[in-house]
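These are the residues of each chain, in order.
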Amino acid sequence: MAFLEELAANNNREWFAEHKTDYQNARADFDQLVDKAIESISTFDASISHLKAKDCVFRIYRDIRFAKDKSPYKNHFGAYISSHGKQSLHGGYYIHVQPGRCILAAGVYWLPTHILTSVRNEIMGNIDEWRKCVENGQFVKNFGYPNDSEWTEEHTAPKGFGMQHLKKAPKDFPSDYEHLIYLKMKDYCVWQVVPDNFYSQPDWTQKMVKLFKVGKPMMDFVNSVIDDYE
C-alpha cells in the first residue's frame, strides 16, 4: 500500500527507476498474496489449482498508445485467477489492490458480441436456473441487483452486479421480455470493495472464499456458454 500511494503521487519513469527495488518488494508481497488466494480458492474450485501467481498477475506497465492519461504505470496491483489463463474469456476471480479501492470480483467482462448474444439466449432459455443463481438471498445481499451500482475508472460502488448496461433491449431481443434487465447487461461480473487492511486480517482468505462461493454459480452459468467458443 505504501509503495502504491507513492507511485500514485510520482507516476513517472524517473521515480520508478529510482524505486525499482521498492516495486520488486511490493510485487513479491502481492505475488505471495495471490498464491495464498489460489490455494484457498482451490478448496472449492479445483479448476484453478494448477495456477501460480505468475500466471495471474498483470503487468504494472500501462498501454498508453490510445489513452488520454499518459501515466506510464498503473496505480494498483491486479490478478485474474482463471483456469484458462488471465487473457482468456473464461470467467474467473479478480483481486485488485489499490489504496482506497481494494476490490474482490468474479465473473466475466468485455465479451465479444457473438458470445454475449449466446449468453443472453442461454439466460432466456434457462431463466429459472439463472434466477436461482442471481436472485437468492446471499447473492443479492453481497452484490445487489443489476443497475444498482457502477464501476468506472473514477468510482467503484461498494458492491455490484454488472459494470455496464444497455439503455434498450439488445438487437433482436424482445423489448417486452419480463426479465429484460439481465439481457441488457454488457458484462456478467460481481464485486465487493474491501477495506485497505483486508489482507492483513487473519481470516481474509475465509472471507474471500465465502464471497467468491456466492458468485460462482452465476459465473459457472456464463462459463458454460463461453467454453463452447474457447
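Remember, predicted model here, so these are calculated numbers, not experimental data.

Reading the values: the criteria
Think of each chain on its own: its residues are numbered from 1, step by step along the sequence as written. Where local features are concerned, this predicted model is filtered to residues with pLDDT of at least 70; where side-chain atom pairs are given and counted, the filter is 80 or more; whole-chain, interface and lining totals use all residues. For side-chain calculations, the full set of non-hydrogen atoms in the structure is used, while hydrogens and water are omitted. Classification of residues uses two cut-offs on accessible area relative to the type maximum, computed with a 1.4 Å probe and protein chains only: under 20% is buried, over 50% is exposed, and between them is partly exposed. Helix and strand definitions here come from DSSP, where helices need a minimum of 4 consecutive H or I residues and strands a minimum of 2 consecutive E residues; each element is numbered from the N-terminal end. Strand pairing requires that DSSP identify at least two bridges connecting the strands. A pair is scored as a salt bridge if a Lys or Arg side-chain nitrogen falls within 4 Å of a carboxyl oxygen belonging to Asp or Glu. Here a polar contact is recorded for every N or O atom pair within 3.5 Å, except that within protein the pair must consist of a potential hydrogen donor and a potential acceptor, and residues adjacent in sequence are included only if both atoms are side-chain atoms. We call two residues in contact whenever any of their non-hydrogen atoms come within 4.5 Å of each other. Residue types Ala, Val, Leu, Ile, Met, Phe, Trp, Tyr and Cys, when buried and joined through side-chain atoms within 4.5 Å, form a set referred to as a nonpolar core. A fitted line through C-alpha atoms represents every axis, and for helices the fit uses only the stretch in contact; the resulting angles, taken between N-to-C directions, go from 0 to 180 degrees.

A. Inspection of the pairing of strand β5 (residues 188–194) at higher detail. Across the 7 residues of β5, 5 count as buried, placing the element largely inside the fold. Sheet topology places strand β3 (residues 102–108) next to β5; 7 bridges connect them, and they run antiparallel. What sits directly across from Ala 106, in β5, is Val 190. For strand β4 (residues 159–161) and β5, the ladder comprises 3 bridges, and the chain directions are antiparallel. Paired with Lys 159 across the two strands is Gln 192, which belongs to β5.

B. Structural detail: the pattern of salt bridges. Following the criterion strictly, the structure yields 6 salt bridges and no others. Glu 135 is the partner of Arg 131 in a salt bridge, and the nearest nitrogen-oxygen pair spans 2.9 Å. Taking the relative accessible area as the measure of exposure, Arg 131 reaches 31% and is therefore partly exposed. Where Lys 207 meets Asp 203, a salt bridge forms, and the shortest distance between an N and an O atom there is 3.7 Å. Among the residues examined, Lys 207 registers a relative accessible area of 38% and is labelled partly exposed. Residue class for Asp 203 comes out partly exposed when judged on its relative accessible area of 30%.

C. A look at the side chain of Ser 88. Among the structural elements, Ser 88 can be located in the loop between β1 (77–81) and β2 (92–97). With relative accessibility at 15%, the residue Ser 88 sits in the buried group. A polar side-chain atom of Ser 88 sits 3.4 Å from a polar atom in the side chain of Ser 82. Residue contacts for Ser 88: discarding those within four places in its chain leaves Tyr 80, Ser 82 and Glu 230.

D. Inspection of the environment of Asp 228 at higher detail. Counting through the fold element by element, Asp 228 comes out in the segment after α9 (204–226). The sequence separation of Asp 228 and His 76 amounts to 152 residues, and the corresponding C-alpha distance is 33 Å.

E. Structural detail: the nonpolar core. Ranked by size, the top nonpolar core spans 65 residues in total, and within it Ile 81 and Trp 130 carry the most contacts. The leading source of residues in this core is α9, at 12 residues. Formed by 8 residues, the second largest nonpolar core is a distinct cluster that contains Tyr 80, Tyr 94, Ala 157 and Trp 191.

F. Molecular detail of the sheet that holds β2. On the basis of which strands lie adjacent, the open sheet formed by 5 strands has the order β1-β2-β3-β5-β4 and antiparallel pairing. Of all the strands in the sheet, just β1 and β4 have a single pairing partner and so form its edges. The average angle at which neighbouring strand axes cross in this sheet is 10°, direction not considered. Pairing of β2 with β3 involves 5 bridges; the strand directions are antiparallel. Bridge pairing in β3 links Tyr 94 to Ala 105. Across the sheet, helix α3 (residues 20–41) touches β1 and β2, and the angle it forms with β1 is around 25°. Sheet strands touched by α9: β2, β3, β4 and β5. Its angle to β3, the strand with the most contacts, is close to 30°.

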